[in-house]
Amino acid sequence: QVQVVESGGGLVQPGEDLRLSCAASGSISSINAMSWYRQTSGNERDLVATIISSGITNYADSVKGRFTISRDNAKNTVYLQMNSLKPEDTAVYYCNVVVRRLDRVTSTYWGQGTRVTVSS
């Protein structure tokens, strides 16, 4: 089995920065992609940023230039550095990992979510 745990959410003021972390553990052979999604009440879960094993990244237009996704392959951890936060960034942020397990099965796992609130 694979566990995914996020951390780093909280309450910040507009213009401030915050860093989220997500660590995957368990029966992991390799991790293909690691992503952050966010969801607000009544809305779908939207992709924020993705980083694949080669290091190539992709961002939603709304966060380009403000958010940076990175990963530490040795720790099976992905980070989301969020700068110049805006009230519209308020959401629950979820980590998603695509894992090739030790039994050679590739599957997707989600974390429990971490809440980010941007408000003065």
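As a starting point, this report considers the structure included with it. (Residues numbered from 1 in each chain as written. Predicted model: local features only at pLDDT ≥ 70, side-chain atom pairs only at ≥ 80, totals over all residues. Heavy atoms only, no water.)

### What to know about the overall build of the chain
The helix and strand inventory of the chain stands at 0 helices and 11 strands. For the chain, the succession of helices and strands along the chain, N to C, is β-β-β-β-β-β-β-β-β-β-β. By principal-axis analysis of the C-alpha atoms, the chain measures approximately 50 × 25 × 20 Å. Among the 120 residues that make up the chain, the fraction classed as buried is 40%. Put simply, of all contacts in the chain between residues at least 6 apart along the chain, 54% involve residues at least 24 apart. In the structure as shown, the chain presents an accessible area of about 6,300 Å², 44% of it carried by carbon and sulfur atoms. For the chain, the distance from the average position of its 12 positive side-chain charges to the average position of its 10 negative side-chain charges is 7 Å. (Helix = DSSP H or I, 4+ residues; strand = E, 2+ residues; numbered from the N terminus. Buried < 20%, exposed > 50% of the residue type's maximum accessible area, 1.4 Å probe, protein only. Contact = heavy atoms within 4.5 Å. Areas by Shrake-Rupley, 256 points an atom, 1.4 Å probe, with all protein chains shown as cover. Lys, Arg positive; Asp, Glu negative; His and termini not counted. Charge placed at Lys NZ, Arg CZ, Asp CG, Glu CD.)

### Some thoughts on the sheet that holds strand β8 (residues 77–82)
The 4 strands are arranged β1-β3-β8-β7 in an open sheet whose pairing can be described as antiparallel. The open sheet has two edge strands with one neighbour each: β1 (2–7) and β7 (67–72). The mean inter-strand angle of the sheet, taken between neighbouring strand axes irrespective of direction, is 15°. Relative to β8, strand β3 (residues 18–26) is paired through 6 bridges, and the arrangement is antiparallel. Pairing of Leu-20 across the sheet is with Leu-80, part of β8. (Pairing = 2+ DSSP bridges. Axes fitted to C-alpha atoms, helices over the stretch in contact; angles between N-to-C directions.)

### Some words on the pattern of salt bridges
Here the structure, examined in full by the defined rule, presents 4 salt bridges. Here Asp-89 makes a salt bridge to Arg-38, at a shortest N to O gap of 2.9 Å. Of this pair, Asp-89 sits in the loop between β8 and β9 (91–101) while Arg-38 sits in strand β4 (residues 28–39), placing them 51 residues apart in sequence. Owing to a relative accessible area of 14%, Arg-38 belongs among the buried residues under this scheme. Salt-bridge contacts for Asp-103 lead to Arg-101; the nearest nitrogen and oxygen are separated by 2.8 Å. Salt bridges sharing common partners tie together Arg-38, Arg-66 and Asp-89. (Salt bridge = Lys/Arg side-chain N within 4 Å of Asp/Glu carboxyl O.)

### A few points about the nonpolar core
Inside soluble globular proteins, nonpolar side chains tend to come together where they are buried. One finds Trp-36, Leu-80, Met-82 and Tyr-93 to be the most contacted residues of the largest nonpolar core, which totals 30 residues. Residue contributions to this core peak at 5 residues, all from β9. The contact partners of Tyr-93, leaving out residues within four places of it in the chain, are Glu-6, Leu-20, Trp-36, Tyr-37, Arg-38, Val-48, Phe-67, Leu-80, Met-82, Gly-113, Thr-114 and Val-116. (Core = buried A, V, L, I, M, F, W, Y, C linked by side-chain atoms within 4.5 Å.)

### Looking at the side chain of Arg-71
Take Arg-71: it is sitting in strand β7. This buried residue, Arg-71, is left without a salt bridge; Asp-72 holds the nearest opposite charge, at 8.3 Å. Side chain to side chain, Arg-71 and Asn-73 meet in a polar contact 2.6 Å long. What Arg-71 contacts, discounting residues up to four positions off in sequence, is Ile-31, Asn-32, Ala-33, Met-34, Ile-51, Ile-52, Ser-53, Thr-77 and Val-78. (Polar contact = N/O pair within 3.5 Å; in protein donor to acceptor, adjacent residues only side chain to side chain.)

### Let's talk about unusual backbone geometry
Phi angles above zero are rare outside glycine, and Ser-84 is one such case at about 50°. Here Ser-84 shows up in the loop between β8 and β9. Overall, Ser-84 belongs to the partly exposed group, its relative accessible area being 40%. Phi at Arg-104 takes a positive value of approximately 75°, unusual for a residue other than glycine. Counting through the fold element by element, Arg-104 comes out in the loop between β9 and β10 (106–110). Accessibility expressed as a relative area gives 66% for Arg-104, which makes it exposed.

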